[in-house]
Amino acid sequence: MMRTIPVETQYGVIYGRNALINKSHDISFTPFTVTLTCSLSLAACIPEIRDMPDVEVTLKFIKIKKICIYKIDDYPYEKYSSSSFDKVDGEDTRYALTTYDHVFDITGELESFH
């Protein structure tokens, strides 16, 4: 069984399938990094922030050991998800980031979220 913990961001916990829309991504192999730029619906956060426009957020992962990208309906661990951005309990630092269309399952360090 996989145990997940929601990542607390400056916007609260990101929750809901339509919370994050992937706008762009960059995968670099040397060094192995992933940068994702997304539109974040503040109404899909806990606590909910209503009547505010979506904000653009950028997540950068570094020191990546492994990355798997799934179509949202094919993510095999969906039943263990706690939110749209989870830290997975285990030996390595692992994150599951769910956007509207995809799940990014990344083993590595989260360098920044802004």
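Residues numbered from 1 in each chain as written. Predicted model: local features only at pLDDT ≥ 70, side-chain atom pairs only at ≥ 80, totals over all residues. Heavy atoms only, no water.

(A) Fine view of the side chain of Thr4. Looking at the element boundaries, Thr4 is found in strand E1 (residues 4-6). Within polar-contact distance, the side chain of Thr4 engages the backbone oxygen of Tyr80 at 2.6 Å. Reaching out from Thr4, the side chain makes a polar contact with the side chain of Ser82 at a distance of 2.6 Å. Once residues lying within four places of it in the same chain are set aside, the contact partners of Thr4 are Tyr80, Ser81, Ser82, Asp86, Lys87 and Val88. (Helix = DSSP H or I, 4+ residues; strand = E, 2+ residues; numbered from the N terminus. Polar contact = N/O pair within 3.5 Å; in protein donor to acceptor, adjacent residues only side chain to side chain. Contact = heavy atoms within 4.5 Å.)

(B) Broad picture of a nonpolar patch on the surface. Side chains of Ile27, Phe29 and Ile69 sit close together on the surface and give an oily, nonpolar patch of about 300 Å² of accessible area. Relative to the elements of secondary structure, Phe29 occurs in strand E4 (residues 20-29). Residue classification places Phe29 among the exposed positions, given a relative accessible area of 65%. (Patch = residues over 30% accessible without salt bridge, like charges linked within 9 Å, V, L, I, M, F, W, Y side chains within 5 Å. Areas by Shrake-Rupley, 256 points an atom, 1.4 Å probe, with all protein chains shown as cover. Salt bridge = Lys/Arg side-chain N within 4 Å of Asp/Glu carboxyl O. Buried < 20%, exposed > 50% of the residue type's maximum accessible area, 1.4 Å probe, protein only.)

(C) Layout of the sheet that holds strand E3 (residues 12-14). Here we have three strands laid out as an open sheet, ordered E2-E3-E6, and antiparallel in their pairing. Here the strands that pair on one side only, and so sit at the sheet edges, are strand E2 (8-9) and strand E6 (45-46). The pairing of E3 with E6 spans two bridges and is antiparallel. By the bridge assignment, Ile14 is partnered in E6 with Cys45. (Pairing = 2+ DSSP bridges.)

(D) Quick look at the packing of aromatic side chains. Under the counting rule described, the total for this entry stands at six aromatic pairs. Between Tyr70 and Tyr75, the aromatic rings sit 5.2 Å apart at their centres with planes inclined by 65°, giving edge-to-face as the arrangement. Plain terms: the ring middles of Tyr75 and Tyr77 are 5.7 Å apart, the flat faces sit at 75° to each other, and that makes the pair edge-to-face. The buried category is assigned to Tyr75, whose relative accessible area is 6%. Of the residues examined, Tyr77 reaches a relative accessible area of 31% and is grouped as partly exposed. Of the aromatic side chains, those joined through ring pairs into one cluster are Phe61, Phe85, Tyr95 and Phe113. Cation over ring: Arg17 sits above Tyr100, and NZ or CZ is 5.1 Å from the ring centre. A cation sits over an aromatic face here: Arg94 above Tyr77, 5.3 Å from the ring centre. (Phe/Tyr/Trp six-rings, centres within 6.5 Å; stacked < 30°, edge-to-face > 60°. Lys NZ or Arg CZ within 6 Å of the ring centre and 35° of its normal.)

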